[in-house]
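Single-letter residue listing:
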Amino acid sequence: MNTVLAELGKKLADRWMGALLLPGLLFVATTVCGVLLGQGSALDSAHLADELTRLGERMTTGPAATALTVAGALLAATVSGLAVQGLAAAVRRVRVARRPRRWVRWRRERARAARERVGGTGPERYLPARITDIGDRFRLVDERVDAQYGLSAALAWPRLWLLLPETTRPLISSAYSRYQGSSETTAWGLLTLCLGLVWWPALPVGAVLGLVGRHRGRASGAALADLVEAALDLHQRQLAEALGVDLPHGRITPAEGLQINDMLNKRA
């Protein structure tokens with residue numbers, strides 16, 4: 001047990017350092033520089049050097065003051081990291097949001113018009129129903145699995161995850177980590193934009209971080225959705241066998257899919 005706790009503590013410490021402390025310290029240092037410079041002398045390096053010298057003289061008045069300064073910097077960095085974690089969760093919720101409905105309707109009409117221009121056809125349920133491409137790509141996993149197998153991906157996925165081979169899980173976990181990292185990049189961009197209220201150079205930096213987070217979110221979200229859908233396609237028989245559902249056709253059809261949904265939903 002001591003070995004397990006020690007390993008867990010090491011992993012938590014590594015995550016605290018990598019995800020919270022180091023980016024947080026960089027943001028705190030940038031914030032200090034921005035506040036010292038202000039909007040009027042935003043790029044004046046000589047003014048920054050003078051201000052940092054005066055600040056350093058005030059902080060080195062004694063060991064207690066130095067310790068308090070270091071502790072304050074670490075605390076501010078951790079708080080910044082935790083704030084970004086919360087913002088990242090909000091970013092992920094916004095990506096899959098259904099409102100504002102006017103924006104969703106505009107996206108549906110645009111997609112329908114593009115489909116008509118190329119003479120393509122497809123189910124209405126495949127048209128956009130979320131405010132972002134990422135949200136629609138995640139939603140389409142459930143729609144496509146339901147259309148093909150009559151199976152609810154939301155109900156089946158937690159159970160199927162437990163049955164996946166060890167070679168498959170790391171691929172999906174890695175894709176999810178990249179997707180989560182993209183939302184954190186966007187969150188750092190939002191926090192940096194807030195710094196722009198007192199130091200204007202933070203505005204373009206925040207905008208770039210936001211765009212990078214959006215681009216990475218679309219790419220990593222699409223990869224994650226593809227992997228989840230592929231796992232459902234390739235390992236559906238394992239789920240049916242684990243639940244004791246016979247497959248007369250060698251795969252799940254809508255009839256078996258409804259039966260599995262009923263079992264997993266506990267007939268609710």
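None of the values given here were measured: they were computed from a predicted structure. (Residues numbered from 1 in each chain as written. Predicted model: local features only at pLDDT ≥ 70, side-chain atom pairs only at ≥ 80, totals over all residues. Heavy atoms only, no water.)

## With respect to helix α4 (residues 101-117)
Compared with the 24 Å implied by 1.5 Å per residue over 17 residues, the 24 Å span of α4 between its first and last C-alpha is a close match. Burial in α4 covers these residues: Val104, Arg107 and Arg115. For α4, the angular spread of buried residues about the axis comes to 70°, placing them on one side. Residues of α4 that are exposed and angled more than 90 degrees away from the buried face: Arg102, Arg110, Glu116 and Arg117. Those residues of α4 hidden inside the fold are in contact with α5 (133-149). Directly beyond the C-terminal end of α4, a positive phi value near 70° is found at Gly119. (Helix = DSSP H or I, 4+ residues; strand = E, 2+ residues; numbered from the N terminus. Expected span 1.5 Å × (residues − 1). Buried < 20%, exposed > 50% of the residue type's maximum accessible area, 1.4 Å probe, protein only. Arc of directions from axis to C-beta. Contact = heavy atoms within 4.5 Å.)

## Some thoughts on the layout of surface pockets
For the largest pocket, the calculated volume is near 470 Å³. Surrounding the largest pocket, 16 residues form its lining, Arg107, Ile131, Thr132, Asp133 and Arg214 being those nearest its centre. Elements represented by at least two residues in the lining of the largest pocket include exactly α3 (63-95), α4, α5 and α8 (202-243). Among the elements that line the lining of the largest pocket, the one with the most residues is α4, at 5 residues. Split by residue class, the lining of the largest pocket holds 8 nonpolar, 1 polar and 7 charged. For the second largest pocket, the calculated volume is near 360 Å³. (1 Å grid on protein atoms, 1.4 Å probe; cavity = no way out; pocket = protein on both sides within 12 Å on 5 of 7 lines; lining within 4 Å. Points joined across faces, edges and corners; volume = space filled by probe spheres on them. Nonpolar A, V, L, I, M, F, W, Y, C, P; charged D, E, K, R; others polar.)

## Here we look at unusual backbone geometry
Geometrically, the link from Arg99 to Pro100 is a cis peptide bond, its omega value of 10° lying close to zero. Relative to the assigned elements, Pro100 resides in the loop between α3 and α4.

## A look at the confidence of the model for the chain
Taken residue by residue, the chain gives an average pLDDT of 86. The fraction at 70 or more is 90%. Across the chain, the element-wise mean pLDDT spans from 66 in helix α1 (residues 2-37) up to 95 in α8. The low-confidence segment residues 1-10 (pLDDT under 50) makes 0 contacts with residues lying over four places distant or belonging to another chain. (pLDDT = per-residue confidence, 0-100.)

## Observations concerning the pattern of salt bridges
In the structure shown here, the tally under the stated rule is 13 salt bridges. Note that Asp146 is salt-bridged to Arg125, the shortest N-O span being 2.5 Å. Residue Asp146 is found in helix α5, and its partner Arg125 is found in the loop between α4 and α5; the two are separated by 21 residues along the sequence. With relative accessibility at 30%, the residue Asp146 sits in the partly exposed group. Given the relative accessible area of 32%, Arg125 is considered partly exposed. Arg218 is the partner of Asp133 in a salt bridge, and the nearest nitrogen-oxygen pair spans 2.9 Å. Of the two residues, Asp133 is situated in helix α5 and Arg218 in helix α8; the sequence distance between them amounts to 85 residues. (Salt bridge = Lys/Arg side-chain N within 4 Å of Asp/Glu carboxyl O.)

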